[in-house]
Amino acid sequence: MTIELCYKPIVGRSRYEDLIKRRCYKPAGHTGKCEEFPYLAHLKQVAPRVEAKIKRDATKTTGAAWKSDDAGPNRIDRWVMLLPDDELHSRFGINIASMKPQVQAKLREKAATYEDCMEVAAKLALNVYQMRNAPPAPPEILQYLEARFDAFRPNSTRCIVCRDHLDFKLFENAQRGRAHIETAHANPRMHNPDNVGFAHRECNIAQGSLSLQDFYDWIRSIIARVDAHLS
């Protein structure tokens, strides 16, 4: 089953609005006002922090808890980082050259188009509803997400690193600056729905800047050296 979306323009308030046109992602021919994230309406009511996390992680660059020239801007739209250095500086005062190499990489490597970010947001919403102990999705939202992706599979969302099941209740244990579930990337240098999922915080930290395959190969090499030393 597929779904045709409205895609009518929506006026935004970000300082970067002239770069893209925000769109309505309700089904075509819908009634009522246009909305950018219609599939998050239920989560906004029952789990507002989770709803905010999906929006933030899907559309914003990684944030910095401090402000300085080399820390980089805090949470800007991912598509902004697709601009060349000189345009970033002249239009928005973002001086990439003044930042530390690891900060530059953090901002650049997961830059993505608006369209990819919106696909990621919807895919993360589906993954949330498929977690153990997740709130039941309203039928209209479930039907919407199934039409855009795959059939709904309850209790199927796993950490993309360790492959253990993820429990929705872990979101409730999050503290400021320390979530127990994080948005993660199989390839840390790509931000699209096929590459994004959720992971335990400790698993995401362990993976670091490696792709999943490189991370697994690294772990295997460590175990092989340990086994060789112990034998």
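The rules behind these values
Counting from 1, residues in each chain are numbered in the order their sequence is written. pLDDT decides what is reported in this predicted model: residues at 70 or higher carry local features, side-chain atom pairs at 80 or more are listed and counted, and totals for whole chains, interfaces and linings draw on all residues regardless. Derived side-chain values reflect all non-hydrogen atoms in the structure, with water molecules and hydrogen atoms excluded from consideration. In this scheme Phe, Tyr and Trp rings, the latter by its six-membered ring, pair at centre separations within 6.5 Å, and the angle between planes marks the pair as stacked below 30 degrees, edge-to-face above 60, and tilted otherwise. Helix numbers and strand numbers start at the N terminus; a helix is a DSSP run of H or I with at least 4 residues, a strand a run of E with at least 2. Relative accessible area decides the class of each residue, using a 1.4 Å probe on protein chains only: under 20% of the type maximum gives buried, over 50% gives exposed, and in between gives partly exposed. We place a 1 Å grid over just the protein atoms. Points where a 1.4 Å probe fits but has no way out form a cavity, open points with protein on both sides within 12 Å along at least 5 of 7 lines form a pocket, and any residue with an atom within 4 Å of a point lines it. Grid points are joined across faces, edges and corners, and a volume is the space filled by probe spheres set on the points. Think of it as three bins: nonpolar holds Ala, Val, Leu, Ile, Met, Phe, Trp, Tyr, Cys and Pro, charged holds Asp, Glu, Lys and Arg, and polar takes everything else, Gly as well. Geometry is summarised by axes, namely lines fitted to C-alpha atoms with helices restricted to the contacting stretch, and by angles between N-to-C directions that run from 0 to 180 degrees. Every angle not falling under 35 degrees, over 145, or within 65 to 115 is termed oblique; those three ranges are roughly parallel, roughly antiparallel and roughly perpendicular. Here is the rule for handedness: rotate from the far helix to the near one, and if that takes an anticlockwise turn smaller than a right angle the crossing is left-handed, while a clockwise turn gives right-handed. When checking whether two residues touch, look at their non-hydrogen atoms; a contact exists if any pair is within 4.5 Å. Residues enter patches when their relative accessible area tops 30% and they take part in no salt bridge; the joining distance is 9 Å for like charges and 5 Å for the nonpolar side chains Val, Leu, Ile, Met, Phe, Trp and Tyr. Accessible surface is estimated by sampling points in the Shrake-Rupley manner with a 1.4 Å probe; for residues, cover comes only from the protein chains shown. Salt bridges are counted wherever a side-chain nitrogen of Lys or Arg sits within 4 Å of a carboxyl oxygen of Asp or Glu.

Asker: Please provide a residue-by-residue account of the packing of aromatic side chains, values included.
Answerer: Overall, the coordinates contain 9 aromatic pairs when judged by the stated rule. Summarising the aromatic geometry, the rings of Tyr-39 and Tyr-144 are spaced 5.8 Å apart at their centres and angled 20° between planes, so their arrangement reads as stacked. Pair noted here: Tyr-39 is in the loop between strand E2 (22-23) and helix H1 (41-46) and Tyr-144 is in helix H6 (residues 139-148), with a separation of 105 residues, a long-range link. According to the relative accessible area criterion, Tyr-39 is buried, its value standing at 1%. Residue Tyr-144 is classed as buried on the basis of its relative accessible area of 6%. Look at Phe-215 and Trp-218: their rings are 6.1 Å apart centre to centre, the planes differ by 40°, and that puts the pair in the tilted class.

Asker: Account for the layout of surface pockets, naming residues and giving values.
Answerer: Estimated volume of the second largest pocket: approximately 390 Å³. If you trace the second largest pocket, you find 17 residues lining it, with Glu-35, Glu-36, Phe-37, Lys-44 and Lys-55 closest to the centre. Elements that contribute at least two residues to the lining of the second largest pocket include exactly H1 and helix H2 (48-59). Tallying contributions element by element places H2 first for the lining of the second largest pocket, with 4 residues. In terms of residue class, the lining of the second largest pocket is built from 6 nonpolar, 1 polar and 10 charged.

Asker: Just give me the short version of the packing of helix H5 (residues 114-129) against H6, but keep the residues and values in it.
Answerer: Here H5 crosses H6 at 125°, and the two axes come no closer than 10 Å. Taken together, the axes of H5 and H6 are oblique relative to one another. In this structure, H5 meets H6 at a crossing whose hand is left-handed. Contact residues: H5 offers Met-118, Glu-119, Ala-122, Ala-125, Leu-126 and Tyr-129, while H6 offers Ile-141, Leu-145 and Arg-148. Partitioning the contact of H5 with H6 into residue classes produces 7 nonpolar, no polar and 2 charged.

Asker: Lay out a nonpolar patch on the surface with the relevant residues and their values.
Answerer: A cluster of nonpolar residues, Leu-210, Trp-218, Ile-219 and Ile-223, forms a patch on the protein surface that exposes about 330 Å² of accessible area. Counting through the fold element by element, Leu-210 comes out in the loop between helix H7 (201-207) and helix H8 (212-230).

Asker: Before we move on, can you summarise the packing of H2 against H5 with the specific residues and values?
Answerer: For the pair H2 and H5, the least separation of the axes is 8 Å and the interaxial angle reads 145°. Crossing handedness for the pair H2 and H5: right-handed. In contact with Val-50, Ile-54, Ala-58 and Thr-59 of H2, H5 contributes Cys-117, Val-120, Ala-121, Leu-124, Ala-125 and Val-128. Residues that form the contact of H2 with H5 fall into these classes: 9 nonpolar, 1 polar and no charged.

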